[in-house]
Amino acid sequence: MGAGHAHVLYRESDSPVHRLPPEVKIAAMVAFTIAVVATPREALWAFGAYALLVAAVAALARVTARWLLLRSTIELPFVLFAFALPFLGAGERMDVAGLSLSVDGLYGAWNIIAKGTLGVWASLLLAATTTTRDLIVGLDRLRCPQILTQIATFMLRYLDVLVGEAGRMRVARISRGDDPRFVWQLRGFAAGIGALFLRAFERGERVYLAMLSRGYAGRMPVWQGAGAATTGQWLIAATVPMLAGTVAATAAVLT
């Protein structure tokens, strides 16, 4: 259970951001996101300031702009929805290149794109500088409910096992003449999903009984890795959310 699991977004490096304890990075990311969300949408300059903060952290973490932009495509569905708001919005309208657009819709689209993009960038930087195991350790140190961290731990531990088993079941179906490309064979695929669920459930029961026999009492053993964050590390990590909070407060006063 103590084996490391590096997810696909993690970028191994020895940067100052990588060396920070996971709990301070999680707290800083959440605080930064709250500041961004609380910023009035009319304060366009504030979002430029947030982008500069993200760029500074990315430079410290040695994460390139190209890497961030490529992974940001995950928000594409929300961006497409935002582009429809100027056409569907009500209220005052303005003409842009011969198109009648809603002013409130334009602000709404900007609000979604700007805040969503900054939130995605902050999350990507956290994922790029923190391994999956460290993320769970950080959540545990931040007093996240044990049941959630334990579920996440087991999910990560056995995800590869379930994926491998699903692959073997697919090979077995194909070797028996099944072709998942045809719609009328969807029933066989659904039956395979059900069988995989039952196998996973039975495996979970066996693992749980094995844990009980080894003294499990509702809490996993604490991973003895790097120590908890020091006061200095908390202060260093608080720099970005404090600056973001200052920008948000200033924007709220000026708007």
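Up top is the structure these notes are about.
For every chain, the first residue of the written sequence is number 1, and numbering continues from 1 along that sequence. At least 70 in pLDDT is required for a residue's local features to be given in this predicted model, at least 80 for side-chain atom pairs to be given and counted, and no such filter applies to totals for whole chains, interfaces and linings, which use all residues. Side-chain figures throughout are based on the complete set of non-hydrogen atoms in the structure, without hydrogens or water.

> What is the right way to read unusual backbone geometry from this model?
Trans is the prevailing form of peptide bonds, just as negative phi is the prevailing case for residues other than glycine. For R62, which is not glycine, the phi dihedral falls at a positive 60 degrees. By secondary structure assignment, the location of R62 is in the loop between α3 (44–61) and α4 (65–71). Look at R143: it is not a glycine, yet its phi comes out positive at around 65 degrees. Starting at the N terminus, helices and strands are each numbered in turn, a helix being any DSSP run of H or I of at least four residues and a strand any DSSP run of E of at least two.

> I tried to follow the pairing of strand β1 (residues 93–96) on my own but got confused; where do I start?
Looking down a regular strand, the side chains alternate between one sheet face and the other. Across four bridges, the pairing between β1 and strand β2 (residues 99–102) is antiparallel. Opposite R93, over in β2, you have S102 as the bridge partner. Paired strands are those between which DSSP finds at least two bridges. From the end of β1 to the start of β2, which pair antiparallel, there are two residues, and A97 there has a positive phi angle of about 55 degrees.

> Explain the side chain of K115 here, please?
Structurally, K115 can be placed in helix α6 (residues 103–129). Within the buried set, K115 has no salt-bridge partner at all; the shortest N-O distance to an opposite charge, 8.0 Å, is to E42. Counted as a polar contact is a pair of N or O atoms within 3.5 Å, where, for protein atoms, one must be capable of donating a hydrogen and the other of accepting one, and residues adjacent in sequence contribute only when both atoms are in side chains. Within the local environment of K115, its side chain forms a polar contact with the backbone oxygen of V37, the two atoms lying 2.9 Å apart. Contacts between residues were defined by any pair of non-hydrogen atoms, one from each residue, lying within 4.5 Å. Once you skip the residues sitting within four places of it in the chain, K115 turns out to touch V36, V37, T39, F47 and W110. Burial here depends on accessible area, computed with a 1.4 Å probe over protein chains only, as a share of the maximum for the residue type. Under 20% is buried, over 50% is exposed, and the range in between is partly exposed. We count Lys and Arg on the positive side and Asp and Glu on the negative side, and we leave His and both chain ends out. One speaks of a salt bridge when a side-chain nitrogen belonging to Lys or Arg is within 4 Å of a carboxyl oxygen belonging to Asp or Glu.

> Help me out: how do you make sense of the packing of aromatic side chains in this one?
The geometry of an aromatic ring pair comes down to the distance between the two centres and the angle between the two planes. Here a Phe, Tyr or Trp ring, Trp counted by its six-membered ring, pairs with any other such ring whose centre lies within 6.5 Å, and the pair is stacked when the planes are under 30 degrees apart, edge-to-face when over 60, and tilted otherwise. All told, the structure shown has four aromatic pairs when counted by the stated rule. Plain terms: the ring middles of F47 and Y50 are 6.0 Å apart, the flat faces sit at 75 degrees to each other, and that makes the pair edge-to-face. Separated by three residues within a single helix, F47 and Y50 lie in helix α3, roughly one turn from each other. A residue is classified by how much of its surface remains accessible, and F47, at 4% relative accessible area, is buried.

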